[in-house]
Amino acid sequence: MTQDEMKQAVARAAIDYVVAGEIIGVGTGSTANFFIDELGKIKDRIKGAVASSEATAERLRGHGIPVFDLNDIDTMSVYIDGADEITAQGAMIKGGGAALTREKIVASVAKQFVCIADGSKLVDKLGAFPLPVEVIPMAQAVVARKLAALGGEPRLRVKDGKPVVTDNGCYIIDVLGLQIQDPAALEAQINDIVGVVTVGLFARRGANIGLLGTADGVKRLNF
């Protein structure tokens, strides 16, 4: 199976976790896009969705799925999203698509987090994938210095020679070279840095279920 075929397989498998008649939390990224396409096939069975980015909202609406504002939602049964890395304990690095803050907010409202990914994303230790940190633009330099003091190599994310701007109007610093021994502790430590909006560690509230695409089919992990 190709990587895209694995992503399609886990996207289809994730439909089993969609609760009929309810509002679904939907993530951002290439694997989440496959899930949105599958969700479009059963759109009449759900009330709608809450999107974790403007790009996801646009794709949902393109399938005719109603998109709700999170402020109008008290709780959701499930949030379904991909990951850049995930451990056997359900801790994740997310934010490759620059939507980490909204992803973390939407996930916090859901009773269950289902992570969908191809099998290559399963790792023994987080950190090979650069750790995204969303920052207030004026704090970019000071936050970068403090991240460097933690032992990483901070790099401002740029595209076409300009800083990538998130849906929240903020910048992303990617931190390379970290060996993350305690994801939950590092998540709290980085979030305490003044000027940080949030870090792309999802460990204090990690995944509940992992659906991983492999050559042998979809592997399910319970965390």
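Reading guide: rules and limits
- Residue positions are given per chain, counting from 1 as you read along its sequence in written order.
- This being a predicted model, a pLDDT of at least 70 is required before a residue's local features are given, and a value of 80 or more before pairs of side-chain atoms are given or counted; all residues contribute to the totals for chains, interfaces and linings.
- The basis for every side-chain value is the complete set of heavy atoms in the structure, and neither hydrogens nor water enter the calculation.
- UniProt positions are given in the numbering used here, feature names are shortened, and annotations may be inferred rather than shown by experiment.
- The way it works is a 1 Å grid over only the protein atoms, where trapped points that fit a 1.4 Å probe form a cavity and open points with protein on both sides within 12 Å along at least five of seven lines form a pocket, and then any residue with an atom within 4 Å of a point lines it.
- Grid points are joined across faces, edges and corners, and a volume is the space filled by probe spheres set on the points.
- Comment: elements are numbered from the N terminus, with helices defined as DSSP H or I runs of at least four residues and strands as E runs of at least two.
- Polarity classes work like this: nonpolar for Ala, Val, Leu, Ile, Met, Phe, Trp, Tyr, Cys and Pro, charged for Asp, Glu, Lys and Arg, and polar for all others, with Gly in that last group.
- Two strands qualify as a pair provided that DSSP identifies no fewer than 2 bridges between them.
- Note on geometry: axes are C-alpha line fits, over the in-contact stretch for helices, and angles between N-to-C directions span 0 to 180 degrees.
- Two rings belonging to Phe, Tyr or Trp (six-membered ring only in the last case) form a pair when the distance between their centres is within 6.5 Å. Interplanar angles under 30 degrees mark stacking, angles over 60 mark edge-to-face geometry, and anything in between is tilted.
- Only protein chains enter the accessibility calculation, which uses a 1.4 Å probe; a residue is then buried when its area is under 20% of its type maximum, exposed when over 50%, and partly exposed in between.
- Charge-over-ring placement is defined geometrically: NZ (Lys) or CZ (Arg) within 6 Å of the ring centre, and within 35 degrees of the ring normal.
- In what follows, residue pairs with any heavy atoms lying within 4.5 Å of each other are defined as contacts.

- Per an unreviewed UniProt entry, the protein chain is named Ribose-5-phosphate isomerase A, and its organism is Herminiimonas contaminans.
- Listed under Catalytic activity (unreviewed entry) in UniProt, the entry text for the protein chain is "aldehydo-D-ribose 5-phosphate = D-ribulose 5-phosphate".

## Some points on the layout of surface pockets
In step 1: Computed from the structure, the largest pocket encloses a volume of approximately 230 Å³.
In step 2: In terms of lining, the largest pocket is formed by 18 residues, of which the most central are Thr28, Gly29, Ser30, Ala83 and Asp84.
In step 3: Those elements giving two or more residues to the lining of the largest pocket turn out to be helix 2 (30-40) and strand 6 (113-118).
In step 4: Among the elements that make up the lining of the largest pocket, the one with the highest residue count is helix 2 (three residues).
In step 5: Across the lining of the largest pocket, the residue classes tally to three nonpolar, eight polar and seven charged.

## What to know about the sheet that holds strand 1 (residues 23-26)
In a beta sheet, neighbouring strands are held together by backbone hydrogen bonds and run either parallel or antiparallel to one another.
In step 1: As summarised here, the arrangement of the six strands in space is 2-1-3-6-14-15, forming an open sheet in which the pairing is mixed. Every other strand in the sheet has two partners, leaving strand 2 (48-51) and strand 15 (217-222) as the edge strands with one partner each. Within the sheet, the average angular offset between the axes of one strand and its neighbour, ignoring direction, is 25°.
In step 2: Alignment of strand 3 (residues 79-81) against strand 6, held across three bridges, turns out to be parallel.

## Some remarks on the packing of aromatic side chains
In step 1: By the definition in use, this model includes one aromatic pair.
In step 2: Consider the rings of Tyr79 and Phe113, whose centres lie 5.1 Å apart with planes at 80°: the pair is edge-to-face. Taken together, the residues span a long stretch of sequence, with Tyr79 in strand 3 and Phe113 in strand 6 at a distance of 34 residues. Considered together, Tyr79 and Phe113 belong to a single accessibility category, that of buried residues.
In step 3: A cation over an aromatic ring shows up here: Lys104 above the ring of Phe202, its NZ or CZ 4.9 Å from the ring centre.

## Observations concerning the environment of Leu122
In step 1: Mapping Leu122 onto the fold places it in the loop between strand 6 and strand 7 (131-135).
In step 2: Measuring from C-alpha to C-alpha, the distance between Leu122 and Gly217 comes to 15 Å, with 95 residues separating the pair along the chain.
In step 3: Setting aside residues up to four positions removed in sequence, Leu122 forms contacts with Ile86, Thr87, Ala88, Leu212 and Leu221.

## Things to note about empty space enclosed by the protein
In step 1: Tallied over the full model, the rule gives one cavity of 30 Å³ or more.
In step 2: By volume, the largest cavity is sized at about 40 Å³.
In step 3: Residue lining of the largest cavity: Ser52, Ser53, Ala98, Ala99, Leu100, Thr101, Arg102, Glu134, Thr166, Asp167 and Asn168, and that is the complete set.
In step 4: Per-element tally for the lining of the largest cavity: the top contributor is helix 4 (residues 100-109), with three residues.
In step 5: Among the residues making up the lining of the largest cavity, the classes are represented as three nonpolar, five polar and three charged.

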